[in-house]
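Structural overview
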Number of protein chains: 2
Amino acid sequence: MDSKIISPAVIGRLPRYYRYLGDLKDEGVERISSQELSELMKVTASQIRQDFNNFGGFGQQGYGYNVEYLYNEIGKLLGLHENHHLIIIGAGNLGRALTNYSNFENRGFIFEGIFDQNPALIGKKIGELTVMPMEEIESFILAHSIDIVVIAIPKTGAVAVADRVVNCGIKAIWNFAHTDLNVPDGVVVENVHLSDSLMKLSYTLSTKNNSVD
Amino acid sequence: MDSKIISPAVIGRLPRYYRYLGDLKDEGVERISSQELSELMKVTASQIRQDFNNFGGFGQQGYGYNVEYLYNEIGKLLGLHENHHLIIIGAGNLGRALTNYSNFENRGFIFEGIFDQNPALIGKKIGELTVMPMEEIESFILAHSIDIVVIAIPKTGAVAVADRVVNCGIKAIWNFAHTDLNVPDGVVVENVHLSDSLMKLSYTLSTKNNSVD
DNA sequence: AAAGCTTTGATAATTATTTGACAACTTATT
DNA sequence: AATAAGTTGTCAAATAATTATCAAAGCTTT
């Protein structure tokens, strides 16, 4: 409907707002001003107001923002008002960790299946799920209305698996493989490159040592 | 020494350059131009040259960049020429997954210890490591010259643990807890908020459904 | 119900980041 | 040895993101 383009910077901040507002709600806080929230989150009040205004503005002059309302509205923006059905490709350490990370389910992210190519793992239980063979990915996606695929396998197989699930109509991939996936327009990939993250930390650590000491 | 401030945007791109250059090196590619690299990485050649120039420029006019040299130089920038010693706080699913993710060791990130507060876990083997009780964190950090602490526990305990390790002189924290850590100046925190990442994916998925369909 | 206080939403100014253009230099070719 | 082709590093221009400012509007108090 309103196809206004929201900048990536703003989208990237939404989950953090959501987190803080959730905490405030749990603490029983009813209203908050951009000023108060800015002190809590260590950002400028101007940025907060600017961000929310991208979506039409959720506040009221002279009052501020109603915490619960704002929390719900941002939740809707983030697509948390509807359930998402996920499968995990790769039952290694990371795949297992994600499966058991029950936190996601509370937000409507439901893990429906887990797949691996290692015959020794197939049939094993991981949390509530049973590891299935890779051949069944396509049929499972169609049968269970999967809308998000989590890739948690080494980079060698990742690109091929991504192609397969994209061919099944998957439009969203959460990629933990240490490689970039080349997907067609209309498919979103959210990368979690753990090594990259660790290197960034290492960069800052090294630089600081050189300049301060 | 040269305390020129590098923009966060540039730093954030360094690991990706490093990854691509490593792949090129492994393929036996000797030299590459910013033009070729830009096509590979789907960024502008101008950005690549601009980025490298922040550090003095690694190329040669008329020739391009020597892949191996550039790879090594970026590695040095990222602090990968020296070993880092890490401990993991939290031997849950995520802590275990990280411990066994041997990839990091190849880059000089050495996991030296893992801690948990659950008595049932203490003494258990995880990969090469044995789970230790939380009380021993401080002494272990000092005895083993730990320079990076990985926080992989629920958010309730995360802030307190961060305070403890900061008091031990730790300057770098890799934080997987679903909360922001409030650390003093001079301490770097690199956050990996998995839920945030998943929500971003969900945002784009929802938005696309609304606008395209 | 009026007056003063608060706070948003919107606009403008500032700052940061990305892209484009080209001189200077290197390599390759004739 | 001279010329042509290729490529960086740098500067300038354009775009994007953040911050500051303030009028307009809603609350709160008397």
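As the structure is a computational prediction, the values presented were derived from the model and not from experiment.

What to know about the packing of aromatic side chains
Counted according to the given criterion, the structure contains 20 aromatic pairs over all chains. Relative to F58 of chain B, the ring of F52 of chain B lies with its centre 6.2 Å away and its plane at 55°, an arrangement referred to as tilted. Accessibility classification places F52 of chain B together with F58 of chain B in one group, the buried group. With centroids separated by 4.8 Å and ring planes inclined at 70°, the aromatic side chains of W174 of chain B and F176 of chain B adopt a geometry described as edge-to-face. F176 of chain B gets classed as buried once you look at its relative accessible area, which sits at 5%. An aromatic cluster is built from Y17, F52, F58, Y65 and Y69 of chain A, whose rings are joined through pairwise contacts. A cation over a ring is seen here: R31 of chain A above Y63 of chain A, with NZ or CZ 4.4 Å from the ring centre.

A word on the protein's contact with DNA strand D
Around DNA strand D sit 28 residues in total, of which S46 and Q50 of chain A together with S34, N53 and Q61 of chain B are the nearest. Protein-proximal atoms of DNA strand D, defined as those within 4 Å of the protein, fall in sugar or phosphate at a share of 59%. Contact distances for DNA strand D include 2.8 Å between a sugar or linking oxygen and a side-chain N or O atom of Q61 of chain A. In this structure, Q61 of chain B approaches DNA strand D through a side-chain N or O atom, which is 2.6 Å from a base oxygen. Among the secondary structure elements, those contributing two or more residues to the surface near DNA strand D are α1 (8-26) and α3 (45-53) of chain A together with α3 (45-53) of chain B. At four residues, α3 of chain A tops the list of elements feeding residues into the surface near DNA strand D. Its residues assigned to classes, the surface near DNA strand D shows six nonpolar, 18 polar and four charged.

So, the interface of chain A and chain B
Contact residues are listed per partner, giving 63 residues for chain A and 63 residues for chain B. Together, the buried faces of chain A and chain B total about 5500 Å²; carbon and sulfur atoms form 64% of this surface. For the interface between chain A and chain B, the tally reads ten salt bridges. Here R19 of chain B ties to D196 of chain A by a salt bridge, and the two come within 3.2 Å at their closest N and O atoms. Counting every contact that joins chain A to chain B gives 22 residue pairs in polar contact (both at pLDDT 80 or more). Those elements that place two or more of their residues in the side of chain A that touches chain B are α1, β3 (84-89), α5 (93-100), α6 (103-106), β8 (172-175), β9 (188-191) and α9 (194-212) of chain A. Sort the elements by how many residues they give to the side of chain A that touches chain B and α9 of chain A lands first, with 16 residues.

Parameters at a glance
- Residues numbered from 1 in each chain as written.
- Chains lettered and ligands numbered in written order.
- Predicted model: local features only at pLDDT ≥ 70, side-chain atom pairs only at ≥ 80, totals over all residues.
- Heavy atoms only, no water.
- Phe/Tyr/Trp six-rings, centres within 6.5 Å; stacked < 30°, edge-to-face > 60°.
- Buried < 20%, exposed > 50% of the residue type's maximum accessible area, 1.4 Å probe, protein only.
- Lys NZ or Arg CZ within 6 Å of the ring centre and 35° of its normal.
- Near = heavy atom within 4 Å.
- Polar contact = N/O pair within 3.5 Å; in protein donor to acceptor, adjacent residues only side chain to side chain.
- Helix = DSSP H or I, 4+ residues; strand = E, 2+ residues; numbered from the N terminus.
- Nonpolar A, V, L, I, M, F, W, Y, C, P; charged D, E, K, R; others polar.
- Contact = heavy atoms within 4.5 Å.
- Buried area = accessible area lost by both parts, 1.4 Å probe.
- Salt bridge = Lys/Arg side-chain N within 4 Å of Asp/Glu carboxyl O.

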